[in-house]
Amino acid sequence: QVQLVESGGGLVQAGGSLRLSCAASGRTFSGYAMAWFRQAPGNERRFVAAITGSGSVRYYEDSVKGRFTISRDNAKNTLYLQMNSLKPEDTFVYYCAAASSLSTSYRNHSIYDYWGQGTQVTVSS
């Protein structure tokens, strides 16, 4: 079992920045690929970014490339999402997720085994 707890969400003006954190406990953190998804009420969770267990490979959804950075600190069992140049359309609940391995289906939420409870990010115009 892996427990995931997100933090760092909040209200920010357009153009501002936030850093989300996801603290993991349980099994060896470095053994899991990690990802961030986001979701609006009534909609499916959408892929934002993913990172391999070692941190050597990262993937991003096109709309966040150049603005968001996914990273991890395996010594601290923590995943991060640095979000810069935020836009109102980035307003979602953000979730972190863990998978035993990343496949070519890394954008698909169904491959992830564990999820956090989510943290709200609201960007005002």
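Counting from 1, residues in each chain are numbered in the order their sequence is written. Since the coordinates come from a predicted model, pLDDT governs what is reported: local features require at least 70, and pairs of side-chain atoms require 80 or more to be given and counted, while whole-chain, interface and lining totals use all residues. To obtain the side-chain values, all non-hydrogen atoms of the structure were included, while hydrogens and water were left out.

*Asks:* Teacher, can you tell me more about the overall build of the chain here?
*Replies:* By the criteria applied, helices consist of DSSP H or I runs no shorter than four residues and strands consist of E runs no shorter than two, each listed in order from the N terminus. Across its full length, the chain carries 0 helices and 11 strands. Going from N to C terminus, the chain has its helices and strands arranged as β-β-β-β-β-β-β-β-β-β-β. Note on method: radius of gyration uses C-alpha positions; expected globular size equals 2.2 Å times residues raised to 0.38. Taking 125 residues into account, the globule formula puts the C-alpha radius of gyration at 14 Å, and the chain, at 13 Å, falls close to it. Taken along its principal axes, the extent of the C-alpha atoms in the chain is 40 × 25 × 25 Å. Relative accessibility decides the category of a residue: with a 1.4 Å probe and only protein chains considered, values under 20% of the type maximum give buried, values over 50% give exposed, and everything between is partly exposed. Within the span of the chain, comprising 125 residues, buried residues form 46% of the whole. Two residues form a contact once any of their heavy atoms are found within 4.5 Å. A separation threshold of at least 6 residues defines the contact pool for the chain, and within that pool the share at least 24 residues apart is 57%. As displayed, the chain offers around 6100 Å² of accessible surface, 45% of which is attributable to carbon and sulfur atoms. Charge assignment in this entry is limited to Lys and Arg as positive and Asp and Glu as negative, and neither His nor the chain termini are counted. Every charge is mapped to an atom, namely NZ of Lys, CZ of Arg, CG of Asp or CD of Glu. Across the chain, the centroid of the 12 positively charged side chains sits 4 Å from that of the 8 negatively charged ones. A 1.4 Å probe and the Shrake-Rupley method give the accessible areas. Residues count as covered only by the protein chains that appear here.

*Asks:* So what exactly am I meant to see when it comes to the side chain of threonine 52 here?
*Replies:* By secondary structure assignment, the location of threonine 52 is in the loop between β5 (46-51) and β6 (58-60). Residue class for threonine 52 comes out buried when judged on its relative accessible area of 18%.

*Asks:* Explanation requested: the packing of aromatic side chains in the structure shown.
*Replies:* Remark: the centre distance and the inter-plane angle together describe each pair of aromatic rings, the angle taken between the planes. Centre distance within 6.5 Å is the pairing criterion for rings of Phe, Tyr and Trp, where only the six-membered ring of Trp is used; planes under 30 degrees apart are then read as stacked, over 60 as edge-to-face, and the remainder as tilted. Tallied over the full model, the rule gives 8 aromatic pairs. Pairwise contacts between aromatic rings join Phe37, Phe47, Tyr59, Tyr106, Tyr112 and Trp115 into one cluster. Counted as over-ring charges are cases with an Arg CZ or a Lys NZ within 6 Å of the ring centre that also lie within 35 degrees of the ring normal. The ring of phenylalanine 29 is capped by arginine 72, whose NZ or CZ atom sits 4.3 Å from the centre of that ring.

*Asks:* Mind showing me how you'd approach the side chain of serine 21 here?
*Replies:* Turning to its location among the elements, serine 21 is positioned in strand β3 (residues 18-26). A relative accessible area of 16% places serine 21 in the buried class. Ignoring any residue separated from it by four or fewer positions in sequence, one finds serine 21 in contact with Val5, Glu6, Ser7, Trp36, Thr78, Leu79 and Tyr80.

*Asks:* Please explain the environment of serine 7 as it appears in this structure.
*Replies:* Its place among the elements puts serine 7 in strand β1 (residues 2-7). If we skip the residues at most four places from it in the chain, serine 7 touches Arg19, Leu20, Ser21 and Thr119.

*Asks:* It is not clear to me how unusual backbone geometry should be interpreted in this structure. Could you clarify?
*Replies:* A positive phi is found at asparagine 77, a non-glycine position, where the angle reads about 55°. Counting through the fold element by element, asparagine 77 comes out in the loop between β7 (68-73) and β8 (78-83). Classification of asparagine 77 as partly exposed rests on a relative accessible area of 29%. Its identity as a non-glycine residue notwithstanding, serine 85 has a phi of 50°, on the positive side.

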